Amino acid sequence: MAVTGILVAAYLIRYLLWPDREDHVYYVAGAIIGSVTEIAATTAGVWSYTLPSFFNIPIWLPFAWGFAVVLIIRIAQSLARE
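Here we summarise the structure given alongside this text. As the structure is a prediction and not an experimental result, all values here were calculated from the model.

Quick notes on the rules
Residues numbered from 1 in each chain as written. Predicted model: local features only at pLDDT ≥ 70, side-chain atom pairs only at ≥ 80, totals over all residues. Heavy atoms only, no water. Helix = DSSP H or I, 4+ residues; strand = E, 2+ residues; numbered from the N terminus. Expected span 1.5 Å × (residues − 1). Buried < 20%, exposed > 50% of the residue type's maximum accessible area, 1.4 Å probe, protein only. Arc of directions from axis to C-beta. Contact = heavy atoms within 4.5 Å. Phe/Tyr/Trp six-rings, centres within 6.5 Å; stacked < 30°, edge-to-face > 60°.

**Focus on helix H1 (residues 2-17)**
Compared with an ideal rise of 1.5 Å per residue, which puts 16 residues at 22 Å, H1 spans 22 Å between its outermost C-alpha atoms and is within 8% of the ideal. All of the buried residues along H1 are Thr4, Leu7, Tyr11, Arg14 and Tyr15. Burial along H1 is one-sided: seen end-on, the buried residues are contained in an arc of 100 degrees. Turned more than 90 degrees from where H1 packs its buried face, Ala2, Ile6, Ile13, Leu16 and Leu17 sit exposed.

Below you can see the structure in the form of structure tokens.
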């Protein structure tokens, strides 16, 4: 539960410092696509998590995927501008 709170807080702080409404779309899309991929992989037995919360994945994983997608897109955009 602490990891989930930290991930949500980190995203909110990042959004407050660099607001962009597109980030919410990227966040939700990353959370959904990443989670579906993880669920498929764990169901197929490719890997497993020690303490899965729902559908064989931890509860914090969708938040991590969402935040990772936003960070990757924003870093790539800033590097492309240089």
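**Details of the side chain of Arg14**
Here Arg14 lies in helix H1. Its relative accessible area of 9% is what places Arg14 among the buried residues. Residues in contact with Arg14, not counting those within four places in the same chain, are Asp23, Phe67, Val70, Leu71 and Arg74.

**Remarks on the packing of aromatic side chains**
According to the stated counting rule, one finds four aromatic pairs in the structure shown. Centre to centre, the rings of Tyr11 and Tyr15 are 6.4 Å apart; their planes meet at 25 degrees, and the pair counts as stacked. With Tyr11 and Tyr15 both in helix H1 and four residues apart, this pair spans about one turn of that helix. Exposure remark for Tyr11: the relative accessible area of 6% places this residue in the buried category. Ring geometry for Tyr11 and Tyr27: centres 4.3 Å apart, planes at 35 degrees, overall tilted. Of this pair, Tyr11 sits in helix H1 while Tyr27 sits in helix H2 (residues 22-44), and the two are 16 residues apart along the sequence.

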